[in-house]
Amino acid sequence: MAAEFLEAKRRVILAAEAKMDHFEQLLRDRPRLACIWRYWWNWYRVRRADWLTRAYLEQVRAWKKQLRAWEQQDVIDEHLKECNIIAKNVDTIEDGLQVIETELRETLELARERNWHIRYPKPQTTMEGWISSIHGRYPIIKEWIKRIREELPAAWIDFVYVIYYAYTSPGTERHLEAHLESKCVNSKQVKEKVKELANKILRAFVAAPRLVAGEWRPGYESPLLRKDMAKPPYEGRIIQGQNMWQWGIQYGANINYNLADKRVVPSETAAEIKAFKTVPMRLELFDYDYAQLRSYLEKEVPAKWWQLTLTQLLELLDIEVER
């Protein structure tokens with residue numbers, strides 16, 4: 001029954017759009033009656049907005065009910081495809097609300113200027129009052145959207161944290177770059193925590209001693225690391241003479257070894273809803289001057305690895321801070 005009501009609303013919306021096209025044509029063909037055609041064109045514009053917001057409200061309520069049912073039945077991981085569709089549709093509704101708001105603002109200015117009165121829909125008597133009643137649905141729709149996003153499984157995003165060092169002078173160059181690649185939940189709070197932890201893990205990896213041909217050798221703390229890197233906001237760029245250090249995180253990105261420069265490139269997949277028990281974490285130290293990986297580490301870590309302590313993560317990755 002709900003689907004039938006939603007389809008009925010869509011038919012009203014399409015009919016309103018057809019009427020708008022009709023009066024837009026009349027504005028071109030019979031401009032002497034422009035005031036009448038413009039009134040009716042705006043009337044049907046508001047009617048379309050009225051029924052669009054009704055449809056939005058009904059749709060978001062239905063999605064919230066569906067998500068709650070999956071969650072109560074503990075089967076939400078079996079419906080990740082549908083969850084991705086809901087997430088994209090919610091984004092579309094948010095964009096649609098912004099378009100409607102712009103259109104209604106334009107019509108409202110005309111309605112006030114020309115004191116447009118209406119006989120339908122009841123109980124509205126002015127165009128301004130009708131528009132005001134539509135605006136009343138906005139906070140309700142936005143609240144349902146907020147609830148839906150709270151109910152949806154997390155969307156995940158690739159990221160790479162990079163520490164780069166370059167020394168350039170006539171006849172002498174040095175270029176080193178360290179990376180930490182993994183995935184995280186695409187939320188502001190999580191990404192801030194991930195940036196801090198990625199910074200600390202990567203610095204520990206760079207500074208750790210390396211086993212080369214059976215011998216332990218010092219890491220690359222010098223010249224790659226600076227004390228400045230250990231401080232918020234965990235990103236920056238410093239130039240001192242011929243030396244340059246740069247460090248920070250890029251979300252929705254990974255490393256492409258086929259490029260000689262600008263090696264951080266967009267990841268192949270955008271943020272999407274998935275179920276993960278573990279995610280890969282890769283750490284590497286690349287030496288540009290010799291085109292070699294000086295250090296490399298790859299492990300599967302718990303999906304929500306940022307909830308672990310730094311000590312736990314370093315132990316999990318077998319990174320020795322001191323030796």
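Residues numbered from 1 in each chain as written. Predicted model: local features only at pLDDT ≥ 70, side-chain atom pairs only at ≥ 80, totals over all residues. Heavy atoms only, no water.

A. Structural view of the pairing of strand β6 (residues 243-251). Summarising the sheet, strand β1 (residues 155-169) and β6 pair through nine bridges and their orientation is antiparallel. Its bridge partner being in β6, Tyr164 is matched across the sheet by Gln246. Taken together, the five bridges between strand β5 (residues 236-240) and β6 define a ladder with antiparallel strand orientation. Each residue of the ladder has a partner; that of Gly236, found in β6, is Trp247. Counting the residues in the hairpin turn of β5 and β6 gives two residues, including Gly241, whose phi is positive at 60°. (Pairing = 2+ DSSP bridges. Helix = DSSP H or I, 4+ residues; strand = E, 2+ residues; numbered from the N terminus.)

B. Region of the structure containing the pattern of salt bridges. Under the counting rule described, the total for this entry stands at 27 salt bridges. The shortest N-O distance in the salt bridge between Arg54 and Asp50 comes to 2.9 Å. Of this pair, Arg54 and Asp50 both sit in helix α2 (residues 34-72), separated by four residues, roughly a single helical turn. Residue class for Asp50 comes out buried when judged on its relative accessible area of 3%. Between Glu235 and Lys195 there is a salt bridge; the shortest N-O distance is 3.4 Å. (Salt bridge = Lys/Arg side-chain N within 4 Å of Asp/Glu carboxyl O. Buried < 20%, exposed > 50% of the residue type's maximum accessible area, 1.4 Å probe, protein only.)

C. Fine view of the nonpolar core. Counting 47 residues, the largest nonpolar core has Val60, Leu67, Ile86, Leu104, Met127, Ile148 and Leu152 as its most contacted members. Discounting residues that sit within four places of it in the chain, Met127 has contacts with Tyr39, Asn42, Trp43, Val46, Thr107, Ala111, Trp116 and Ile118. Counting residues in hydrophobic clusters, the runner-up holds 43 residues, among them Val194, Trp245, Val279 and Leu317. (Core = buried A, V, L, I, M, F, W, Y, C linked by side-chain atoms within 4.5 Å. Contact = heavy atoms within 4.5 Å.)

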